[in-house]
Amino acid sequence: MPSFDIVSKVDMQEIDNAVNQARKEIDQRFDFKGTHNEINLETDAIAILAADDYKLDAVIDVLKGKLVRRNVSPKCLDYGKKELASGGAMRQRVAIVQGVSTEKGKEIIKFIKESKLKVQAQIMEDQVRVSGKKIDDLQEVIQAVKGKDFGVELQFVNMRS
């Protein structure tokens, strides 16, 4: 029975490269001269420390630009709340979202069922598996899911016939 998986994966090497490029740009930009600004990649998040709220927003804009340039969707980032750090600085933790959450999986399955195509969808760990009798039905599901924004970057992998 033909099937495929809907996943949400991020290339961590590309994120590391984007963070390094953003760090270099921040070090060289004139509007950041004389202030302490940091951007660090952790295992599943990016820690940002900036001199003030304006600079924090500017650092995030630089990071988003570098991610887009490296073909990483900004949808994979989950922004935590801004916190006040010592000396009037601002800190923010940006989580890197990997996998399809159970809530998003249920939303995707509901959307697929509402499309009235003859396919079955089920949540398997952090992905959604869609199977059906015809590959054409599966391709229609892919097009329908691509056309709707679920708030996360989705990839379609493991197409089997």
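What you are looking at is a predicted structure, and each value in this text was computed from that prediction instead of being measured.

Its identity is not glycine, yet lysine 116 carries a phi of approximately 65°, on the positive side. With respect to the helices and strands, the residue lysine 116 is situated in the loop between helix 3 (102–114) and strand 7 (119–124). For glutamate 125, which is not a glycine, the phi torsion comes out positive at approximately 55°. Tracing the chain through its elements places glutamate 125 in the loop between strand 7 and strand 8 (127–132).

What follows is about the packing of helix 1 (residues 12–28) against helix 2 (residues 53–69). At a closest axis distance of 9 Å, the pairing of helix 1 and helix 2 adopts a crossing angle of 135°. Overall, the two elements helix 1 and helix 2 adopt an arrangement that is oblique. As helix 1 packs across helix 2, the resulting crossing turns out to be right-handed. Of helix 2, the residues touching helix 1 (which contributes Ile15, Ala18, Val19, Gln21, Ala22, Glu25 and Ile26) are Val59, Val62, Leu63, Lys66 and Leu67. The residue inventory of the contact of helix 1 with helix 2, partitioned by class, reads 9 nonpolar, 1 polar and 2 charged.

Burial analysis of strand 1 (residues 3–7) places 5 of its 5 residues in the buried class, the great majority of the element. Neither face of strand 1 is left uncovered, since the one carrying Ser3, Asp5 and Val7 and the one carrying Phe4 and Ile6 both have all their residues buried. Sheet topology places strand 1 next to strand 8; 4 bridges connect them, and they run antiparallel. Within strand 8, the position partnered with isoleucine 6 by the bridge is valine 128. Across 4 bridges, strand 1 lies against strand 9 (residues 155–160) in antiparallel orientation. Each residue of the ladder has a partner; that of aspartate 5, found in strand 9, is valine 157.

The next point concerns the pattern of salt bridges. Evaluated as defined, the whole model comprises 12 salt bridges. As a salt-bridge pair, glutamate 25 and arginine 29 come within 3.6 Å of each other at their nearest N and O atoms. Glutamate 42 is the salt-bridge partner of arginine 93, the closest N and O atoms lying 2.3 Å from each other. Here arginine 93, found in strand 6 (residues 90–96), pairs with glutamate 42, found in the loop between strand 2 (38–41) and strand 3 (45–50); they are 51 residues apart in sequence, far enough to count as distant. Residue class for glutamate 42 comes out partly exposed when judged on its relative accessible area of 34%. Ionic contacts of the salt-bridge type, sharing partners, join the residues Glu25, Arg29, Asp31 and Lys66 into one network.

Parameters at a glance
- Residues numbered from 1 in each chain as written.
- Predicted model: local features only at pLDDT ≥ 70, side-chain atom pairs only at ≥ 80, totals over all residues.
- Heavy atoms only, no water.
- Helix = DSSP H or I, 4+ residues; strand = E, 2+ residues; numbered from the N terminus.
- Axes fitted to C-alpha atoms, helices over the stretch in contact; angles between N-to-C directions.
- Parallel < 35°, antiparallel > 145°, perpendicular 65-115°, else oblique.
- Left-handed = near helix turned anticlockwise from the far one by under 90°.
- Contact = heavy atoms within 4.5 Å.
- Nonpolar A, V, L, I, M, F, W, Y, C, P; charged D, E, K, R; others polar.
- Buried < 20%, exposed > 50% of the residue type's maximum accessible area, 1.4 Å probe, protein only.
- Pairing = 2+ DSSP bridges.
- Salt bridge = Lys/Arg side-chain N within 4 Å of Asp/Glu carboxyl O.

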